[in-house]
Amino acid sequence: MAGMIPLVDVKAQWEEVKEEVLSGWNEVLETCNLFLGPNVQAFEQEFASFCGVKFAKGIASGTDALTLALKAVGVEGKEVILPSLTFFATAEAVVMAGGIPVFAEIEEKNYCISPEDVERKITDKTRAVIVVHLYGHPAPVEKIKEIIGEREIYIIEDSAQAHGSRRDGKITGGMGNIAAFSFYISKNLSALGEAGCITTNSRELADRIELLRNHGQVSKYEHILIGTNSRLDELQAVVLRAKLKRLEEWNEKRQRIAQFYLQELKDLPVILPEIESGCTHTWHLFVVRTERRDGLFDYLRKKGIGCGIHYKVPCHLQPPMREYGYKEGMLPLTERITQEVLSLPIYPHLKEEDAGRVVEEIRRFFNG
Ligand SMILES: Cc1ncc(COP(=O)(O)O)c(C=O)c1O
């Protein structure tokens, strides 16, 4: 059998940044200045500039970034509207911050939260809406802003899957009031361990995040609020700085692979992802849909092709969400889509011949 093609491969990325990272790590280790030091500060500036925002604050993970962003806007005892088709951390963060998760439907054309359903779900208790730029497609933030109007409801971007995605010229991280990024190893921008970041244009929110990530500490052992330990460390900041320089180029490589799949799969009985007009997709995941999803998944796996399902069970049907009264049938489109989605291998260093083999095997599956 030909070699394995994994769903994600970060080894080639490592080869590209290795020299720079090892030399940066050496400097950090020589000084032993390990937390919130010069590399974190430099990365925060560089990432803020990349996202076109005033502030970026390094955080220990994407989950923490979401939780702290929710805490900073104050959702305790309030409702937070969010999509159910997302990684569970989005919903978990709402609960961790003391909020009540209110799940909304998605739009079939981009798999992101439906503005119409957000409108239906807003109540007097709504404090925030989380938009998830799912799979790398930017969510319709402007439409949601129009719906919110003058009400005091915050828009929080879950940008974990969309570093560099754009809609009508605006880049993720600066579309709403505050945004959370994950730098988990599989992400378009990834650390070599756990890491995340919060971006915002609000000085007030940025100052609050700075306190929340470091025990509410204003000076050594002086604490003015209950925070947590969620600092970004210098070793991860070195990695992120090296990779951020290459992010646009790596996103372009993902775009070329996506175009290849879109072209080569168009005559097959799969529903292909769409790119809404005015949007730049960064293809964190390339997700196709078919009613024969499970069969195709097993077939590709047997042929040595890694694939994934994002996500098999929507958040509102996960057991911990039962206490909020969620059950099957409440979000029919989301539920149907979770039965059909299949993620194909995509990463900047995926070889053309390997993408070709993925297409060939999908063709064989459908043509018997
Ligand atoms: C949409 C989404 N939100 C949140 C997270 C959580 O990020 P982390 O794994 O860095 O905690 C992830 C990724 O894992 C994600 O894909």
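How each quantity is defined
Residues numbered from 1 in each chain as written. Predicted model: local features only at pLDDT ≥ 70, side-chain atom pairs only at ≥ 80, totals over all residues. Pairing = 2+ DSSP bridges. Helix = DSSP H or I, 4+ residues; strand = E, 2+ residues; numbered from the N terminus. Domains from an automatic or database assignment. Contact = placed C-beta atoms within 7 Å. Nonpolar A, V, L, I, M, F, W, Y, C, P; charged D, E, K, R; others polar. Expected span 1.5 Å × (residues − 1). Near = placed C-beta within 6 Å.

**Q** Break down the sheet that holds strand 12 (residues 279–280) for me, citing the residues and quoting the values.
**A** Spatially, three strands are ordered 7-6-12 in an open sheet, and the strand pairing comes out antiparallel. The open sheet has two edge strands, strand 7 (170–171) and strand 12, and neither has a second partner. Pairing of strand 6 (residues 166–167) with strand 7, which is carried by two bridges, proceeds in the antiparallel orientation. Bridge pairing in strand 7 places Arg-166 opposite Ile-171.

**Q** Describe the domain arrangement of the chain, and please don't skip the residues or the numbers.
**A** Frequently, the measure chosen for interface size is the accessible area that the parts lose on association. Entries for the chain in the domain assignment read domain 1 (11–244) and domain 2 (247–367). Contacts between the two partners involve 34 residues from domain 1, matched on the other side by 30 residues from domain 2. Grouping the amino acids of the side of domain 1 that touches domain 2 by side-chain chemistry returns 14 nonpolar, 12 polar and eight charged.

**Q** Requested: an account of helix 2 (residues 38–51), with residues and values cited.
**A** Between its first and last C-alpha atoms helix 2 spans 20 Å; for 14 residues at 1.5 Å apiece the expected length is 20 Å, and the two agree. Where the residues of helix 2 are buried, they touch helix 1 (11–31), strand 1 (55–59), strand 7, strand 9 (196–200) and helix 8 (234–244). Two residues or fewer after helix 2 comes Gly-52, characterised by a positive phi angle close to 65°.

**Q** Residue-level account of the site of the ligand, with values.
**A** Neighbouring the ligand are 15 residues, the closest being Ser-61, Gly-62, Thr-63, Ala-160 and Ser-182. When contributions to the shell around the ligand are tallied by element, the ones reaching two or more residues are helix 3 (62–73) and helix 4 (89–96). For the shell around the ligand, the leading source of residues is helix 3, giving three residues. Residues that form the shell around the ligand fall into these classes: six nonpolar, eight polar and one charged.

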